[in-house]
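The chain contents come next:
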Amino acid sequence: MSVLDRVNSPKDLKKLNIDELYELCEDIRKFMVSSVAETGGHLASNLGVVELTVALHKVFNSPNDQIVFDVGHQCYTHKILTGRKDKFHTLRTENGISGFTRPVESEHDIFSSGHSSTSISAAIGLAKAKQIKGEKGKVIAIIGDGALTGGLAYEALNNSGNDNSNLIVILNDNNMSISPNVGSMAKNLTTIRTSPRYVTFKSKIQRGLAKIPRIGSQISRTFTLINSKIRKKIYHSTFFEDLGFRYYGPIDGHDIDALIDALTVAKAHSHSVFIHVNTVKGKGYNPAEKNPTQFHGIGKFDVDTGEPKSGGKNFSASFGETMCRFAEKDSRICCVTAAMAEGTGLCEYASKYPKRFFDVGIAEQHAVTFSSGLAKNGMVPVFAVYSTFLQRAYDQLIHDVAMQNLKVILAIDRAGFVGEDGESHQGVFDTSYLNSVVGLTIFAPAYYDELEAMFYEGIYKTEGAVAVRYPRGCEDYKPDGYTYSKEPYTVFGDITSDNCIITYGRLFSQAYRAFEKLDNTCLIKLNRIKPISENIVEDLKYIKNIFFYEEGIKSGGIGEKFAEILEENSIKLNFKHFAVCDEFIKQASVASQLKTYNMDSASIL
């Protein structure tokens, strides 16, 4: 029986000695690699926090002590240790466990976290609520894996104050975030300061000084002041100390003894504490250590070689190739990404045009306003961003792009259903909120050649800001002889038919399969979904029934706008709108999600 076999809850873990804890970490890594190879998931970041997570559950008492993971994809070890080991093979599958923290899944998952930089804000709120209610227990925020490049994290740190005695912030520094300038002196000092013997000795000295009549309290305050000044001299970075934290670090994030000592000291502290931990992303699995970016989020792969089991061209790769071709001929083209160069297909572009490639970190708000600055001074910025992450920059889209009528191009990747990443990553909201952005033009390609043509049209033939939204993965079924019309919409079949299917983007493939088997039905493919062409009203004058399909939220979506146009033009017909109705979309394959929401070809038929 392995050590992991004996651990089914944090209580079981607390019975283990140090040697057994190290064995447990090795067992977890093997278990995690073999399991994620079958389901896909965020592997490299999770391999890096195994010892840290084990140490957390050794020292603290979850859920009374509340552990908040930033970018919840770092939570796999936490899930394994908190009763979900036997369900781990269902990770990211339909009706299985989520790849992120989810409170509905376990009492140990304190806060739902699919997007980054939220942990400190949430932890401060949780800690403050505990104080107000007089509840015991610490609140621990684990941030890192790039999340400390997000502005929200700094807003939270600035708001943390000195009175959060039950707050602990842990920076998982895996070189995907920041690395404060600390040297050997600081490391040695941290080793001493987190030693239980030192902490006990220091506490006794301070209590003894305080007992000296009349002058004791003054001596104690002077002692604390001198201690603080010496600490600031040794630590080159005093940023966290200046914000009111007691800073400890850097600490080897794979040394369980050192981690337990530091966490034990933090648990006993009467101040808010910041612990800086160094980890190796992909630790323990050679392919992930060599290429942590590839293994950040990976599909099914071969455990022995680390090679993905699927590959080939996809929309992201097509976008990257398109930008390279455009940039070769046009020196104004710049590409911007928010820590997603590989995910958005821009690695080759970054290599070929480094002076015109900008990775701004996990900072979508900054990315949009930065792009506005580029546009204002004559460049053509293309901001490549996942649909789910663009949500964070809505204010900037309105004020810094649209209101100033600047030529910023949004390359919206992962639009529509994204499958196994679950509720936090579905790209179904962008059409709804982008519909309200004044002057913005939106294109929706269904195929790779359309993607290139629509970017060309958006950059060179369209006024103002432009968005081109395209799905995750590969292009779907393409009718024989199909070519992009370069018109706002394309009609297939007899426009005098009784029935009309209307859709856009990836769903065109599903709709066309159904259309081929239907009589007395035409099909309209919207190529430009905002603004909708006024000419379409004239084409619909004979139609009796419209069936409108879109991979997006119904409220405020393109179908709702289409119905409004019909009403305004007094077009009387039956209108049926198939979209996502006021709910978050659970994890499943894209094929299953299309079927669930009646958007696959069989449902349309």
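It should be emphasised that the depicted structure is a prediction, and the values quoted were computed from it without experimental measurement.

So, how was this worked out
Residues numbered from 1 in each chain as written. Predicted model: local features only at pLDDT ≥ 70, side-chain atom pairs only at ≥ 80, totals over all residues. Heavy atoms only, no water. Pairing = 2+ DSSP bridges. Helix = DSSP H or I, 4+ residues; strand = E, 2+ residues; numbered from the N terminus. Axes fitted to C-alpha atoms, helices over the stretch in contact; angles between N-to-C directions. Buried < 20%, exposed > 50% of the residue type's maximum accessible area, 1.4 Å probe, protein only. Arc of directions from axis to C-beta. Contact = heavy atoms within 4.5 Å. Phe/Tyr/Trp six-rings, centres within 6.5 Å; stacked < 30°, edge-to-face > 60°. Lys NZ or Arg CZ within 6 Å of the ring centre and 35° of its normal. Salt bridge = Lys/Arg side-chain N within 4 Å of Asp/Glu carboxyl O.

Caption draft 1: A look at the sheet that holds strand 9 (residues 409–413). Here we have seven strands laid out as an open sheet, ordered 7-6-8-9-11-10-15, and mixed in their pairing. Bordering the open sheet on either side are strand 7 (357–359) and strand 15 (528–530), each of which pairs with just one other strand. The mean angle between the axes of side-by-side strands here comes to 20 degrees, regardless of whether they run parallel or antiparallel.

Caption draft 2: Structural detail: helix 7 (residues 151–160). When we look at burial in helix 7, the residues that qualify are Ala-153, Ala-156, Leu-157 and Ser-160. Considered in projection along helix 7, the buried side chains sweep an arc of 100 degrees and stay on one side of the axis. Away from the buried face of helix 7 by more than 90 degrees, exposed residues Glu-155, Asn-158 and Asn-159 are located. Buried residues along helix 7 sit against helix 6 (119–133), strand 2 (139–144), strand 3 (167–173), helix 11 (239–242) and strand 5 (273–278).

Caption draft 3: Expanded view of the packing of aromatic side chains. For the structure shown, the criterion picks out 36 aromatic pairs. Ring geometry for Phe-240 against Tyr-247: centres 6.0 Å apart, planes inclined by 5 degrees, an arrangement best described as stacked. Of the two residues examined, Phe-240 and Tyr-247, each falls in the buried class. An aromatic cluster of at least three residues, connected via ring pairs, comprises Tyr-447, Tyr-477, Tyr-482, Phe-492, Phe-508, Tyr-512 and Phe-515. Residue placement shows Lys-525 over the ring face of Phe-508; its charged tip is 5.7 Å from the ring centre. Directly above the ring of Phe-578 sits Lys-576, whose terminal nitrogen or CZ lies 5.8 Å from the centroid.

Caption draft 4: Local environment of unusual backbone geometry. In this structure, Pro-63 follows Ser-62 across a cis peptide bond, with omega equal to 10 degrees. One can find Pro-63 in the loop between helix 4 (50–59) and strand 1 (66–69). In this structure, Pro-250 follows Gly-249 across a cis peptide bond, with omega equal to 0 degrees. By the secondary structure assignment, Pro-250 is in strand 4 (residues 246–252). With a phi angle near 55 degrees, Ser-570 is a residue other than glycine that sits in the positive phi range. Within the element layout of this structure, Ser-570 appears in the loop between helix 23 (558–568) and strand 17 (574–580).

Caption draft 5: Structural context of the pattern of salt bridges. Scanning the entire structure with this criterion turns up 27 salt bridges. Among the salt bridges present, the one from Arg-92 reaches Asp-421, with a minimum N-O distance of 3.0 Å. In this pair, Arg-92 is assigned in the loop between helix 5 (76–84) and helix 6 and Asp-421 in the loop between strand 9 and helix 19 (430–434), connecting sequence segments 329 residues apart. No difference in accessibility class separates Arg-92 from Asp-421, as the two residues are buried.

Caption draft 6: Just the pairing of strand 2, in detail. Counting buried residues in strand 2 gives six out of six residues, a clear majority hidden from the surface. In terms of strand pairing, strand 1 meets strand 2 through four bridges, oriented parallel. Considered in strand 2, the bridge of Gln-66 is made with Val-139. Where strand 2 and strand 3 come together, six bridges link them in parallel fashion. Across the sheet, Ile-140 pairs through a bridge with Ile-168, a residue of strand 3.

Caption draft 7: Main features of the sheet that holds strand 16 (residues 545–553). Spatially, five strands are ordered 12-14-13-16-17 in an open sheet, and the strand pairing comes out mixed. The sheet is open, and its two edges are formed by strand 12 (489–492) and strand 17, each paired on a single side. Adjacent strand axes in the sheet meet at a mean angle of 20 degrees when their direction is disregarded. As paired strands, strand 16 and strand 17 are joined by six bridges and run parallel to one another.

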